[in-house]
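# Commentary on secondary and tertiary structure
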Amino acid sequence: MNKVTDSVLYIGANDHDIDLFEGHFEVPLGMSYNSYIIIDEKIAIMDTIDQHKTDEWISNVQEALAGRNPDYLIIHHMEPDHSASIEAFLNIYPGTAIIGNKKTFNMISQFFPNLAIENKLEVENGETLILGKHELSFIFAPMVHWPEVMMTYDAKDKILFSADGFGKFGALDTEDPEGWACEARRYYFGIIGKYGAQVQMVLKKAATLDVQIICPLHGPVLDKNLDYYMGLYDTWSSYLPETDGVCICYASVYGNTKNAAELLAEDLNNRGVPKVALNDLARDDIHECIEDAFRYDKLVLATTTYNADVFPCMREFLDMLCERNYQKRTVALIENGSWAPMAIKAMKAKLEGLKEITFTENSVTILSALTDENRIQLSALADELAAGY
C-alpha cells in the first residue's frame, strides 16, 4: 500500500490477466484500477475497482482502515472498472454513506437493480464535504467521458481526484519504457477524445485551483511537472497538433498501395520532415494509428478501392477519426483502383464535414501498380507536405 500523502493512501490494484481493456484496447503492460482512501476524523474512500480485483481491493481497504469503519464511499465514475465492487463493499460496510450525483444514483440502480443503499448522499456541483482537516469540493465533469462523471478537489493536500482524466494504459508495477505520454495519449484519444469541449471546461475549472497532485482512476499519481500534463491535455482537447510530422496510414491488398506509402515515407524523410509515422491499418493496432493521426499535423491516407468505396480497415479508421472530431489538420489522399478508382472520392466525402481540414493540392491515383508518373506525383506530394518544416 502506497502513500500519496500522510493521510491519503493508494488502495487500488494491478491487472495483468486482462487482454483487452474495454473489450478492444490492447494493454500489453496490463492495467491499473485506482482507488484511494482519505484518513481523517471521518474516512472517505474514493471509488471501488473492477470485479476481477474485488477481493484484493477489499483486503486493501481493510488494511488501510485498521479496524475503523469508513464514513463515505465517493463515486466519481460508474463505469464498471470503477464501480463493480460497490455491492461487495456494502455487504461488509452497509452503513457507509454513498456519495454521488443524481445521475450516479440512476446508474447504480441500473447496474445493481437489487441493491438497497441504506445511506446515500446526493451532491450538487460545487458542494463541499468536510472530513476534519480535509475539505472536499465536488466538480461535475459531465461527458468526460460519461454523463455522471465528477471529480473531487481536496483543499488540504491540494489533490485533484480526476476520475478517468489524466489516466493511461499500463499497470503501476510495470515500468513503461515509453514514459507517460505515449500510453496516456492512446488512452485519451481512444476513450475521451470525442469530448474535447468538455475536457476544456474541466481544465478551466482546474486552473482556478491550486492543484499539486493529480490522482486518476488509471495510471500513476502525478505529483511533479503538472504543467506538462495539463499542457498536453490542453493541446489534445483543443485538437491541436502536438508534434510536427506526417502520419501515413495505408490499407493495401497486394502490396502496391503499400509500396506507394513506403516510397512517400522515404521521400519525406529525405526532405527532412521531423517525423514520419508509417502505419499499416490491417496489421498495426488501430488505436495506435488514431494516436498518431492526432499527434502529428499532417495525415496521409492511402487505400485500395474496395466495392466502390475504401478497404474495410480504412473505413473503420475514418469512422473513428470522425467519431473523435478529427480537425485542424492537413490531409493528403492516395488511391488505388484497377478499373474504377473511387477511394479518394469516398474519403473526401467522409472527411469534408470535419472542421478545419485542408486537403493537399496534390493527390495520387494508382491504376494497379506504381508507374513512373506515380513516382513523380508522389515526389510532388512529398514536396508539398514537407514545405514549412
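## Concerning the sheet that holds strand β13 (residues 135–140)
Read across the open sheet, the five strands follow the order β12-β13-β14-β15-β16; overall the sheet is mixed. The open sheet has two free edges, formed respectively by β12 (128–130) and β16 (213–215), since each of these has just one partner strand. The average undirected angle you get between the axes of adjacent strands in this sheet is 20 degrees. In terms of strand pairing, strand β14 (residues 150–154) meets strand β15 (residues 159–161) through three bridges, oriented antiparallel. Bridging across to β15, D154 finds its partner in I159.

## Some thoughts on the packing of aromatic side chains
In total, this model carries 20 aromatic pairs according to the counting rule given. Between Y10 and Y36 the ring centres are 5.7 Å apart and the planes differ by 75 degrees, which places this aromatic pair in the edge-to-face class. Taken together, the residues Y10 in strand β2 (residues 8–10) and Y36 in strand β7 (residues 36–38) connect sequence positions 26 residues apart. In this structure Y10 comes out as buried when scored by relative accessible area, which is 11%. What links up through ring pairs into an aromatic cluster is the set F166, W180, Y188, F189, Y228, Y229, Y233, W236, F294 and Y326. Its guanidinium or amino end placed over the ring of Y389, K298 lies 4.4 Å from that ring's centre, counting from NZ or CZ. Of note, K348 hangs over the ring of F359, and the distance from its end group to the ring centre comes to 5.3 Å.

## With respect to the pairing of strand β19 (residues 296–306)
For β19, a buried count of 10 out of 11 residues is recorded, marking the element as mostly surrounded by other parts of the structure. Here β19 pairs with strand β21 (residues 329–336) via seven bridges, running parallel. Bridge pairing in β21 places L299 opposite V331. Direction of pairing for β19 relative to strand β20 (residues 309–310): antiparallel, over a ladder of two bridges. Residue pairing in the sheet places Y306 in a bridge with D309 of β20. Here β19 hands over to β20 after two residues, with N307 in that stretch at a positive phi of 50 degrees.

Parameters at a glance
- Residues numbered from 1 in each chain as written.
- Predicted model: local features only at pLDDT ≥ 70, side-chain atom pairs only at ≥ 80, totals over all residues.
- Heavy atoms only, no water.
- Pairing = 2+ DSSP bridges.
- Helix = DSSP H or I, 4+ residues; strand = E, 2+ residues; numbered from the N terminus.
- Axes fitted to C-alpha atoms, helices over the stretch in contact; angles between N-to-C directions.
- Phe/Tyr/Trp six-rings, centres within 6.5 Å; stacked < 30°, edge-to-face > 60°.
- Buried < 20%, exposed > 50% of the residue type's maximum accessible area, 1.4 Å probe, protein only.
- Lys NZ or Arg CZ within 6 Å of the ring centre and 35° of its normal.

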